[in-house]
Amino acid sequence: MIKRTLTSLLVFFGVLSASASQVGVYCMMGSEGSQLYRDQNIRMEIALTLNGTAVLEVENLTDKVMYIDLARSFVWVNGASTSLIQPRMDSFEPEDRLLTIAPHGVNTIYAWEQLPLLLNPQMIYVGEPKSWGNTSKGRFLDTNKKFSKGDKRRYTRRTTPLALAADIEYRFTEDGEAEPRIKVSDYVESIKVESNMWVDKNGKLVNPRLFPHPCFAFRSGKTGGAVLGEALALTAAAGLIVLGAAVAPEVPASAW
């Protein structure tokens, strides 16, 4: 009886390890060219940092001061727009709406942080994050199957779980006529689930040169150590119960 029970616990531990073990989820951007705009006046680009943040970077290519009209410039996440002035202040004076960029200067004028949390929750459940070593493994909701090494998904602009875009207005005098509006966009083109060794627990890529396009990533599921600790604790507790039952004195059956 005891041997059979302990064997069952070991089988359970194996199943638990396989389902809960931590994986790396790698999200590749399309980067088909629309993420970058450049002319004789301005360069604007959506770029990814190593720690999983997308930034909107603007470079003034001229010898004149450039003014970005924040109140008339917008960013998008999956079709939902936000004015660039809103993340900076709740209320503002008219002069606050203009962001200056020095001649030949470069400014990061917006950042999309924690990109995994911006993935469409109707398509992907990323898990419950504790840092980025998620304590609960995520899953693709089309199959509702937990992330497993080798899982892949490819997307188009119409079907992507994450689309980013920006549209800005700028000028070269504070109250002068605006230049033509500038637009850039990018989207997640593919997602692959593999080993967690290429992304650290905070979502930073260990070696970005491994990826052909800009990529952000995160870990999902419990570490092997956490799974082992929980399983061993459960096994020990169950073993004590089984052992206690085996050595307990027999109680005479009731006459009733």
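What you see is a predicted model; the values in this text were computed from it and never measured. (Residues numbered from 1 in each chain as written. Predicted model: local features only at pLDDT ≥ 70, side-chain atom pairs only at ≥ 80, totals over all residues. Heavy atoms only, no water.)

Colleague: Go over the pattern of salt bridges with me, naming the residues and quoting the values.
Modeller: Per the stated rule, a full pass over the model turns up 14 salt bridges. The partner of Arg43 in a salt bridge is Glu45, and the shortest N-O contact between them spans 3.0 Å. Residue Arg43 is classed as buried on the basis of its relative accessible area of 12%. On the basis of relative accessibility, which here comes to 22%, the residue Glu45 falls in the partly exposed class. Residues Glu59 and Arg43 are paired through a salt bridge, measuring 2.8 Å at the closest nitrogen-oxygen approach. Pair noted here: Glu59 is in strand β4 (residues 54–60) and Arg43 is in strand β3 (residues 42–48), with a separation of 16 residues, a long-range link. The class for Glu59 is buried, based on a relative accessible area of 19%. Overlapping salt bridges, with partners in common, bring together Asp69, Arg72, Arg97, Asp167, Glu169, Arg171 and Arg181 in one network. (Salt bridge = Lys/Arg side-chain N within 4 Å of Asp/Glu carboxyl O. Buried < 20%, exposed > 50% of the residue type's maximum accessible area, 1.4 Å probe, protein only. Helix = DSSP H or I, 4+ residues; strand = E, 2+ residues; numbered from the N terminus.)

Colleague: Provide a residue-level description of the pairing of strand β6 (residues 74–77), including the pertinent values.
Modeller: Two elements, β6 and strand β7 (residues 80–83), share four bridges in a ladder whose sense is antiparallel. For Phe74, the partnering residue across the bridge sits in β7 and is Ser83. The turn joining β6 and β7, which pair antiparallel and follow one another in sequence, is formed by two residues; a positive phi near 50° is taken by Asn78. Here β6 runs beside strand β14 (residues 163–168); their pairing, made up of four bridges, is antiparallel. Each bridged residue has a counterpart across the sheet, and for Trp76 the counterpart in β14 is Ala165. (Pairing = 2+ DSSP bridges.)

Colleague: Help me get a handle on the nonpolar core, residues and values and all.
Modeller: In this structure, Leu56, Val58, Ile68, Trp112, Leu119, Ile168 and Val188 are the most contacted members of the largest nonpolar core, which totals 41 residues. With sequence-adjacent residues up to four places away left out, Val58 is seen in contact with Ile42, Arg43, Met44, Met66, Ile68, Ile101, Gly105, Val106, Asn107, Ile109 and Ile168. Among the nonpolar cores identified, the runner-up in size contains seven residues, and Tyr26, Val199, Cys215 and Ala217 belong to it. (Core = buried A, V, L, I, M, F, W, Y, C linked by side-chain atoms within 4.5 Å. Contact = heavy atoms within 4.5 Å.)

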